[in-house]
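Chain by chain, the residues run as shown.
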Amino acid sequence: MTKTNKKYSPPRNGKTFALMWNRLIDEITSRDNFKPGHLYQLEILCDLYQEYDRLRDIIEEFGYTYENDGGRNGAQIKVTPEVGQFNRIRSEIREYSKLLGLTLYKDKETTKGNEAKDEWS
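A short tour of the structure in this document, coming up. This one's a predicted model, so the numbers in the text were calculated from it and none came from an experiment.

## Let's talk about the pattern of salt bridges
Right, so step 1: This structure, assessed with the given rule, holds 7 salt bridges.
Right, so step 2: The partner of Asp47 in a salt bridge is Arg12, with the nearest N and O atoms 2.5 Å apart. Placement of Asp47 in helix 3 (residues 37-62) and of Arg12 in the loop between helix 1 (3-7) and helix 2 (15-29) is noted, with a sequence separation of 35 residues between them.
Right, so step 3: Residue Asp47 is classed as partly exposed on the basis of its relative accessible area, which comes to 30%.
Right, so step 4: Residue class for Arg12 comes out partly exposed when judged on its relative accessible area of 32%.
Right, so step 5: Arg54 serves as the salt-bridge partner of Glu51, at 2.8 Å between the closest nitrogen and oxygen.

## Let's talk about the environment of Lys6
Right, so step 1: Considering the arrangement of structural elements, one finds Lys6 in helix 1.
Right, so step 2: We classify Lys6 as exposed; its relative accessible area is 61%.
Right, so step 3: On a C-alpha basis, the gap between Lys6 and Asn22 in space is 9.9 Å, while along the polypeptide they are 16 residues apart.

## So, the packing of helix 2 against helix 3
In a packed pair of helices, the relevant descriptors are the angle between the two axes and the axis-to-axis distance.
Right, so step 1: The geometry of helix 2 relative to helix 3 is characterised by a closest axis approach of 9 Å and an angle of 145° between their N-to-C directions. The way helix 2 lies across helix 3 gives a crossing that is right-handed. Judged by residue contacts, Lys15, Thr16, Phe17, Met20, Trp21, Leu24, Ile25, Ile28 and Thr29 of helix 2 engage His38, Leu39, Leu42, Glu43, Leu45, Cys46, Asp47, Tyr49, Gln50 and Asp53 from helix 3.
Right, so step 2: Broken down by class, the residue content of the contact of helix 2 with helix 3 amounts to 11 nonpolar, 4 polar and 4 charged.

Rules and cut-offs
- Residues numbered from 1 in each chain as written.
- Predicted model: local features only at pLDDT ≥ 70, side-chain atom pairs only at ≥ 80, totals over all residues.
- Heavy atoms only, no water.
- Salt bridge = Lys/Arg side-chain N within 4 Å of Asp/Glu carboxyl O.
- Helix = DSSP H or I, 4+ residues; strand = E, 2+ residues; numbered from the N terminus.
- Buried < 20%, exposed > 50% of the residue type's maximum accessible area, 1.4 Å probe, protein only.
- Axes fitted to C-alpha atoms, helices over the stretch in contact; angles between N-to-C directions.
- Left-handed = near helix turned anticlockwise from the far one by under 90°.
- Contact = heavy atoms within 4.5 Å.
- Nonpolar A, V, L, I, M, F, W, Y, C, P; charged D, E, K, R; others polar.

Rendered as structure tokens:
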């Protein structure tokens, strides 16, 4: 554990929460524009990751769909509510990651011919 992690220990003890907090805290606190308010945003992001794991476990156990037996339209296969929540959580993770500047992007470097070349090529 680094000095930063000791100074800013995870505010909650959930396994996924603490894992993600410890992975991201140094990147957040080492920036020139770091403000204590960023910690609250990181806390929300770690909560989202924890909820993501919980929903993924539920979906893996019970499946993506269920069959509805009744009604005037007969049997129907419907998506479970957890799938909708799971997709919403994924969107929110993406948004909070952007807010904190944690998104992945291709780095550009200049080559001899002054052409931009990405690191994935």
